[in-house]
Every structure is written in C-alpha cells, then in structure tokens.
Amino acid sequence: SDGVVTDSYEETELAQIGSNSAGAAVKTMDEIYSECTTYLSMDEATNYIYLETDEDGLISLCGYVPKNCADDCFIGHRVSTFDFCGAITMSSTSVIDVNNEEYEQSLSDWNTLKADNDNCYTYTTGYTSWTGYGSSTTIKVEDGIVTQRSYESFNINNGQRNVINSYEETDVSQIGTNTEGADALTMDELYAECPQYLSVDEQMNDITFTTDENNIMTGCTYYPLGCQDDCDIGIRVSSLEFCGDTDNEISAYEESLNDWNSLNNDCYTYS
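Scope of this entry: the structure provided in the associated data block.

What counts and what doesn't
Residues numbered from 1 in each chain as written. Predicted model: local features only at pLDDT ≥ 70, side-chain atom pairs only at ≥ 80, totals over all residues. Heavy atoms only, no water. Core = buried A, V, L, I, M, F, W, Y, C linked by side-chain atoms within 4.5 Å. Buried < 20%, exposed > 50% of the residue type's maximum accessible area, 1.4 Å probe, protein only. Helix = DSSP H or I, 4+ residues; strand = E, 2+ residues; numbered from the N terminus. Contact = heavy atoms within 4.5 Å. 1 Å grid on protein atoms, 1.4 Å probe; cavity = no way out; pocket = protein on both sides within 12 Å on 5 of 7 lines; lining within 4 Å. Points joined across faces, edges and corners; volume = space filled by probe spheres on them. Nonpolar A, V, L, I, M, F, W, Y, C, P; charged D, E, K, R; others polar. Patch = residues over 30% accessible without salt bridge, like charges linked within 9 Å, V, L, I, M, F, W, Y side chains within 5 Å. Areas by Shrake-Rupley, 256 points an atom, 1.4 Å probe, with all protein chains shown as cover. Salt bridge = Lys/Arg side-chain N within 4 Å of Asp/Glu carboxyl O. Pairing = 2+ DSSP bridges. Axes fitted to C-alpha atoms, helices over the stretch in contact; angles between N-to-C directions. Phe/Tyr/Trp six-rings, centres within 6.5 Å; stacked < 30°, edge-to-face > 60°. Disulfide = S-S within 2.5 Å.

1. Thoughts on the nonpolar core
A general trend in soluble globular proteins is that nonpolar side chains are found buried together. Ranked by size, the top nonpolar core spans 24 residues in total, and within it Tyr123, Met187, Leu190, Cys194, Met217, Cys220 and Ile235 carry the most contacts. Contributing elements (two or more residues each) for this core: helix H2 (100-116), strand S6 (121-128), strand S7 (133-142), helix H3 (187-198), strand S10 (205-211) and strand S11 (217-224). Residues in contact with Cys220, not counting those within four places in the same chain, are Cys194, Tyr197, Leu198, Thr208, Phe209, Ile233, Gly234 and Ile235. One finds Met29, Ile59, Tyr253 and Trp260 within the second-largest nonpolar core, a separate group that totals 19 residues.

Here it is as structure tokens:
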C-alpha cells in the first residue's frame, strides 16, 4: 500500500515459469484472444460486457461484470501494456499530424456516417490512470439528442476491475442529474470542442488527433511537455456504435483478432 512494493518475483527461465502461485496465469496473447469469446458470449441481460482495444486495435480489456455484484466483480482479461520485441511501433489507428485539413476531413466523414445512421449512436469516453483508477461514461444519442447516460468509476488491482461507483440515467429528464462522469455531449459537440485542443502552443505541448478505421475521431488531446503522469487534456472516445448495429462486441473482437494476427511476430511482452 501507499506505493510500497509488498511482494515481487521474476521467473527468468522456462523451468521457473509457473512456479509462483501469485500473479496472472501464464498465457499467450493467442490464448487471451481465445478465452475472450467466452466472456463476450455471457448473457447481456444479467452482465455488463466489456471489450476495449488499444491504439493498435489489440485487446486491452475483455470481460464482464455481473449486474447484481457490488465489488471486485470483473471477470476477464486486462492488458495494460504491450510491446513487440525490438520495440517495433505499428498502428492500425491513424495518428494524424495535426492540421485543419485532417480534422475537417474527419468531421466530414462523421457527418456522412451520422446521416447514414439517422443520427443515432452510442459512444463511450473515459480514462484509466497509471494508479489503476479510472472511469467511463457511455452516452446514447437518438435523433441528435442525448437520451441516456451511464457511468462507472473503478480501480484495477492485480488485473481485476473493481467498480467503485456507477449510475444510469435512462430518461431524458434524468440526464445531467449526476455530477460525476463526462458531460452529456453529442459527437457533434465533441467535434466542435476539438479545435481548442488542437490550437494550443506546439512549443509547449504534444498534440495528438487520432481516428478509427472510418476516420472518425477517437482522440483529440494535448499533453504539456515535461508533465509526468496523467497529463493529457481533451477528448477520448473508446468506442462508437450506431443504432441498429448487431453483434457489436463480436464484430469488434473479430476485427481486433485480425489486427493481432497481422501484427503478431511471435515475440512480445505484455502486462
């Protein structure tokens, strides 16, 4: 506690692997992907199901939380860091050299997709600190109006995601009655906010604009140079689903699995 290491070990030879009982089981990423399908197939009526990916499209969280459970309820896998041997940097998410043209193109693509899907969608925004604390807010928009908002705060300890607080605002009259969580904004409003983050002083900040495979904004942030921890300021969209989409988690899983298979060079480290 209080940042003090209370127990540790290193298994540096094959003969030692698994000789300690503490810690996560010894699994390859292939095994984690294989087990993920079990978690995604849990009953959505009785469980909250989670699938999150990193900037390369690889699994960072796959599991579920029983809706009637109060504490220490997350069951599944969480990958907090991942590196290929040789420090190869690869990405299936576009990290854009910030300029107005790229932002405007993403905004145009968003307006096209939004119109094609009757301006009806659900997105999730949030963060996870290096300390293990995090939160996520999921917002549903119908006909351009926020109609639902849900929130969770959590701690991650030894790979377990423990919910601290949560709420659901399921009626328009309830939206905004809770103070915690991200503001009840539409994607249009997030796009409108983005330019203020892209226009900060580049000499003083590291500026990032990221998009998904459809060129829709997933991140619009800046990071003051010299800042050490949890310093990025701006917009983060971890998932976006249009209304009427079916089997979204399985589709996202299959896309992530394809990304993994294309990136995998059979030599990597994860935690």
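2. Description of the environment of Asn47
Locating Asn47 in the fold gives a position in strand S1 (residues 47-53). A sequence separation of 17 residues divides Asn47 from Tyr64, and the C-alpha atoms of the two residues are 6.2 Å apart. When residues no more than four places from it in sequence are discounted, the contact partners of Asn47 are Met42, Tyr64, Val65, Pro66 and Lys67.

3. Remarks on the layout of surface pockets
Of the volumes computed, that of the second largest pocket is approximately 180 Å³. Residue lining of the second largest pocket: Tyr123, Thr125, Ala182, Asp183, Leu185, Leu190, Glu193, Tyr197, Gly234, Ile235 and Arg236, and that is the complete set. Of all the elements in the fold, those that place two or more residues in the lining of the second largest pocket are S6, H3 and strand S12 (233-236). Looking at the lining of the second largest pocket, its residues break down into 6 nonpolar, 2 polar and 3 charged.

4. What about a nonpolar patch on the surface?
Residues Leu14, Ile17 and Val26 make up a contiguous nonpolar surface patch of about 330 Å² in total accessible area. Structurally, Val26 is set in the segment before helix H1 (29-40). Look at Val26 and you get exposed, because its relative accessible area is 56%.

5. Describing the sheet that holds S7
Backbone-to-backbone hydrogen bonds join strands into a sheet, with any given pair of strands oriented parallel or antiparallel. Spatially, S9-S8-S7-S6-S13 is the arrangement adopted by the 5 strands of the open sheet, whose pairing is antiparallel. For this open sheet the edge positions go to strand S9 (160-169) and strand S13 (239-242), each flanked by a neighbour on one side alone. Ignoring which end each strand starts from, the neighbouring axes of this sheet average 15° apart. Both S6 and S13 contribute to a ladder of 4 bridges, which runs antiparallel. Its bridge partner lying in S13, Tyr121 is registered against Phe242.

6. Description of the packing of aromatic side chains
Tallied over the entire structure, the rule returns 12 aromatic pairs. Aromatic side chains Tyr103 and Tyr191 sit 6.1 Å apart centroid to centroid with 50° between the ring planes, which places their arrangement in the tilted category. Residue Tyr103 is located in helix H2, and its partner Tyr191 is located in helix H3; the two are separated by 88 residues in the primary sequence. Looking at Tyr103, the relative accessible area reads 7%, which means it is buried. With a relative accessible area of 1%, Tyr191 lands in the buried category. Put simply, the rings of Tyr103, Trp110, Tyr121, Tyr123, Tyr191, Phe209 and Phe242 touch in pairs and so form one group of aromatic residues.

7. Notes on the state of the cysteines
Summed over the entire model, instances satisfying the criterion amount to 4 disulfides. There is a disulfide in this structure between Cys36 and Cys62, and the S-S distance comes to 2.0 Å. Residues Cys36 and Cys62 are joined by a disulfide whose S-S torsion is about 90°; by sign, that bridge is right-handed. On the criterion of sequence distance, the pair formed by Cys36 in helix H1 and Cys62 in strand S2 (residues 59-66) is long-range, its members being 26 residues apart. Residue pairing for Cys120: its cysteine sulfur links by disulfide to Cys243, the two sulfurs lying 2.0 Å apart. Here the disulfide of Cys120 and Cys243 is left-handed, its torsion about the S-S bond being about -75°. Of this pair, Cys120 sits in the loop between H2 and S6 while Cys243 is found in the loop between S13 and helix H4 (248-263), placing the two residues 123 residues apart along the sequence. Judged by its relative accessible area of 13%, Cys120 falls in the buried class.

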